[in-house]
Amino acid sequence: MSGIALTNVVKRFGALTVIDKVNLSVAEGEFVVFVGPSGCGKSTLLRMIAGLEEISDGELQIGGERMNETPPARRGIAMVFQSYALYPHMSVERNLGFALETARLAAGEITERVAKVARFLKIEHLLARRPAQLSGGQQQRVAIGRALVRSQKLFLFDEPLSNLDADLRMEMRVEIARIHRELKATTVYVTHDQLEAMTLADRIVVLKDGHISQVGTPMELYEHPANKFVASFIGAPRMNFLTGKLAIDGSGSRLDVLDARHGLENFGYEGEVSVGIRPEDLILGGGDIRLPASVQLVEPLGGEALVHARLGNGQSLVVKAQGKPDLKPNADITVGWLTSKAHLFGADDRALSAKGA
Amino acid sequence: MMSGSRSAGLRQARVRTAWLFLAPSLLVLTGVALWPLGRTFLFSFTDALLTEPDFYSYVGFDNYRALFEDPLWWQSVRNTLYFTVISVSIETVLGLTIALLLNSHIAGRGVMRAIILIPWSIPVVVSARMWQWMLHDQFGIVNHVLKLAGLIETGVAWTANSALVMPVIIAVDVWITTPFMVLLILAGLSMLPRGIYEAASIDGVPAWKQFTSLTLPLLAPSIAVAVLFRLLDALRMFDLSYVLSSNSDDTKTVSIYAREVLVNFQDMGVGSAASTAVFLMIALVTAIYVTVFRLNRRLMGV
């Protein structure tokens, strides 16, 4: 039993509320990622689950039991820190075994479990070294190993890959996915990197200013962002936003964007809207709605290219185009999209959806 | 070949520059440390008197023989070592305790940190005089308070009683120099990584084990340096004993002994021999301490 249930959880530092009535449940064996910009409260929320921060209000349950007052050591958790937090004066072997040593396990069993974890993480050859003699990636493996060796049912990761370079981040991402696949432990993972969230999570929790903005599977969040914040946070390069006008037109709606217009299903909404289109949904020279633009810059990425274009009103768009488009700066082009691929957000930044049908 | 000789030339130029920069401090060191030390060493083999230091003849090891045959010298050595071991031990334990307290998140610790430094910032002679007055057998506040509390009936002669005077001097030294220990250990504490304590608390490591397995080993280098500083200071302690009990053999330190022979008895030869012995003693203790600590560090793998 290692599911988590947060009910109206609040964290206050003095007069400042950093987590405001968060409700969330994490199923046993699930991999949940907290994602959001810095200062959104994602690390604080994780540390509250860990017991490193007190819970000001509300209830935390782990495995169906109230844990608000339980010290970290008795919550059945293992945690990996951004700073790794390895014991600098101990060898890798002792770092891995220290918790077991404290729990007074027999020396033979400690050696056995440490060896098993070391084999699992491919750090057997590092056991005699001290943390200072390891690379960042190796330190990260040891930190993960230290969490694994206690064989807890709940793993907490606090931005574990932030201090690694891009190559190692990818390698460790794959490694963490493998660990979860093989151990099936409930995992809560905090990151500010939407790519990590997309690739690792069963479900993503997007946080903003201490509130949950949206919870869903990576594809749900990508395809149906509930608001403009989630829409701009998930997906890279980020979604383009244009200002448009939505009006009721007979039994349907009509969208006006600059000089272009197109009929839509009935949205039951009138007024100014934000039209969000992902760079990969923009089409050069095609689409239901087309707008004239001029090329600012082409960034070739090899298999695809990012075309930065400027519309007549001075607004910029990023288009992800396949192959290597033969475009020179200042060339006149047409940028368009299929209205079915566009996301509409009302004045309160919430996503609008078609009525009926 | 060309590049080889050119880089050798560059190396030579760098070495020359290094010497150039080192020269002033080497010169000063020679003038104020090496030269007097050499002179003292030289005089320790002569029968020179302080009144006429230019007239002397070499007497070989006679001065050292005289020194080592003087029971008072050996008592001074014992006094010095006793004072050093006891006072530095107490200061270390007390300093560590107070530093840990000040390092925790208690209210008013900023003010506490400032206040605790006051005893250390007072010149030792002033502190010693102050304590001398407070410990005065008739008018001292210490006896006054003890009498009020009904603990004693007549004033205790703190600095005249041969059984009490050394403990009193140690106590005053502890009062003066514990802040120094606190300061150095506090600096070491603030360098410790925070995260490992969170990791340890999640891993179920109890507080006492966090202290013995994490804090102490990680703090060891800081404590070692602080202890070394205090050792050097305590081994050549002069002022406290001199002010609080100038004529007592019970608290005579090697520094006081050397000064006495040199100034009171005008015997530059034996005085120099004593000074040289003090120097060698301190050098020996330091060398042993540093060696043991290095060895220990290598064994612990820090």
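Sequence positions are assigned chain by chain, starting from 1 and proceeding in written order. The lettering of chains begins at A and the numbering of ligands begins at 1, in the order of writing. Local features in this predicted model are restricted to residues whose pLDDT is 70 or higher, and side-chain atom pairs enter the listing and the counts only when it is 80 or higher, whereas totals over whole chains, interfaces and linings include all residues. Where side-chain values are given, they derive from all heavy atoms of the structure, hydrogens and water being excluded.

Caption draft 1: Broad picture of a nonpolar patch on the surface. Like-charged residues are merged into a patch within 9 Å and nonpolar side chains (Val, Leu, Ile, Met, Phe, Trp, Tyr) within 5 Å, provided each residue has over 30% relative accessible area and no salt bridge. Each accessible area is a Shrake-Rupley estimate made with a 1.4 Å probe; only the visible protein chains count as cover when residues are assessed. A side-chain nitrogen of Lys or Arg and a carboxyl oxygen of Asp or Glu constitute a salt bridge if their distance falls within 4 Å. A surface patch of nonpolar side chains, about 480 Å² in accessible area, is lined by B:V15, B:W19, B:L22, B:L26 and B:L29. Strands here mean DSSP runs of E at least two residues long; helices mean DSSP runs of H or I at least four residues long; both are numbered from the N terminus. Its place among the elements puts B:L22 in helix α1 (residues 2–43).

Caption draft 2: Quick peek at the nonpolar core. Ranked by internal contacts, the top residues of the largest apolar core, which has 77 residues, are A:L6, A:F34, A:L45 and A:L156. The element contributing the most residues to this core is helix α8 (residues 165–190) of chain B, with 13 residues. With near-sequence residues (within four places) excluded, A:L6 lies in contact with A:V22, A:N23, A:L24, A:L45, A:I49, A:E59 and A:L60. Membership of the second largest hydrophobic core comes to 45 residues, among which are A:V149, A:L161, A:I179 and A:V206. Only buried residues count toward a nonpolar core. Its members are Ala, Val, Leu, Ile, Met, Phe, Trp, Tyr and Cys residues joined through side-chain atoms within 4.5 Å. Under the scheme applied here, a residue whose accessible area is under 20% of the maximum for its type counts as buried, over 50% as exposed, and between as partly exposed, the area being computed with a 1.4 Å probe on protein chains only. Two residues qualify as a contact provided that any one of their heavy atoms is within 4.5 Å of a heavy atom in the partner residue.

Caption draft 3: Representation of the pairing of strand β12 (residues 252–257) of chain A within the structure. Residue and element names in this part refer to chain A. Of all the six residues making up β12, five are buried; the element is thus mostly covered by neighbouring parts of the structure. A pair of strands counts as paired when DSSP detects no fewer than two bridges linking them. Inspection of the sheet shows strand β11 (residues 240–249) paired to β12 by five bridges, in the antiparallel sense. Bridge assignment links I248 to a residue of β12, and that residue is S253. Following β11, the chain reverses through two residues before pairing antiparallel with β12; G250 in that reversal takes a positive phi of roughly 65 degrees. Remark: two residues form the turn of the hairpin made by β12 and strand β13 (residues 260–264), two consecutive strands paired antiparallel; L258 in that turn has positive phi of roughly 50 degrees.

Caption draft 4: Geometry of helix α6 (residues 124–134) of chain B. All names here are of chain B. Among the residues of α6, those classed as buried are S127, A128 and W131. Mapping the buried residues of α6 onto a view down its axis gives an arc of 100 degrees, with all of them on the same face. On its buried face, α6 sits against α5 (118–121), α8 and α11 (239–244). Working note: the arc is built from the helix axis to C-beta atom directions.

Caption draft 5: View of the interface of chain A and chain B. Listed as interface residues are 22 residues of chain A and, on the opposing side, 20 residues of chain B. For the pair chain A and chain B, the summed buried area comes to about 1700 Å², and 64% of that belongs to carbon and sulfur atoms. Defined here as a combined quantity, buried area equals the accessible surface (1.4 Å probe) lost by two parts on assembly, summed across both. Interface area lost by chain A to chain B is led by A:Y87, A:H89 and A:T102, which between them contribute 32%. Counting across the chain A and chain B interface gives three salt bridges. Between A:R150 and B:D203 there is a salt bridge whose closest N-O contact spans 3.1 Å. Here a polar contact is recorded for every N or O atom pair within 3.5 Å, except that within protein the pair must consist of a potential hydrogen donor and a potential acceptor, and residues adjacent in sequence are included only if both atoms are side-chain atoms. Counting across the interface, chain A meets chain B through six residue pairs in polar contact (both at pLDDT 80 or more). Sorting the residues of the side of chain A that touches chain B by element identifies α1 (42–50), β6 (77–80) and α2 (92–102) of chain A as the ones contributing at least two each. If one sorts the elements of the side of chain A that touches chain B by residue count, α2(A) sits on top with four residues. Three classes are used: nonpolar for Ala, Val, Leu, Ile, Met, Phe, Trp, Tyr, Cys and Pro, charged for Asp, Glu, Lys and Arg, and polar for all others, with Gly counted as polar. Residues of the side of chain A that touches chain B, tallied by class, amount to 15 nonpolar, two polar and five charged.

Caption draft 6: Looking closely at the pattern of salt bridges. For the structure on display, the rule yields 28 salt bridges over all chains. One salt bridge in this structure joins B:K209 and A:E101, with 3.5 Å as the shortest N-O distance. With B:K209 in helix α10 (residues 207–235) and A:E101 in helix α2, this pair bridges two chains. Accessibility expressed as a relative area gives 29% for A:E101, which makes it partly exposed. A salt bridge links B:D62 to B:R65; the nearest nitrogen and oxygen atoms lie 3.1 Å apart. Separated by three residues within a single helix, B:D62 and B:R65 lie in helix α2 (residues 62–69), roughly one turn from each other. Connected through salt bridges with shared partners, the residues A:R141, A:E171, A:E175, A:R178 and A:E182 form a single ionic network.

Caption draft 7: Geometry of the side chain of A:E175. Residues and elements named next belong to chain A. Within the fold, E175 resides in helix α5 (residues 166–183). By relative accessible area, E175 is classed as buried at 6%. For E175, the contacting residues outside a window of four places in its chain are F120, L121, K122 and R141.

Caption draft 8: Focus on the domain arrangement of chain B. Domain borders in the structure are assigned automatically or taken from a domain database. We note that the domain assignment places domain 1 (1–31) and domain 2 (62–300) within chain B. Summarising the inter-unit geometry, the C-alpha centres of domain 1 of chain B and domain 2 of chain B are found 42 Å apart.

Caption draft 9: Expanded view of helix α3 (residues 107–120) of chain A. How far a helix is expected to stretch is found by multiplying one less than its residue total by 1.5 Å. Taking 1.5 Å per residue, 14 residues should reach 20 Å; α3(A) reaches 20 Å between its end C-alpha atoms and fits that length. Close packing links the buried residues of α3(A) with α2 and α4 (136–148) of chain A.

Caption draft 10: Structural view of the packing of aromatic side chains. For Phe, Tyr and Trp, where Trp contributes only its six-membered ring, two rings pair if their centres lie within 6.5 Å, and the inter-plane angle classes them as stacked under 30 degrees, edge-to-face over 60, or tilted in between. Enumeration according to the criterion identifies 20 aromatic pairs over all chains in this entry. On the basis of an interplanar angle of 85 degrees and a centroid distance of 6.0 Å, the ring pair of B:Y56 and B:Y58 is categorised as edge-to-face. Relative accessible area serves as the criterion here: at 52%, B:Y58 is assigned to the exposed category. An aromatic cluster is built from B:F41, B:F45, B:F61, B:Y64, B:F68, B:W73, B:W74 and B:Y257, whose rings are joined through pairwise contacts. Between the NZ or CZ atom of A:R178 and the centre of the ring of A:F120, over which it lies, the distance is 4.6 Å. The ring of A:Y222 has A:R278 lying over it, and the distance from NZ or CZ to the ring centre is 4.2 Å. Here, over-ring charges are defined by two tests on the NZ atom of lysine or the CZ atom of arginine: distance to the ring centre within 6 Å, and angle to the ring normal within 35 degrees.

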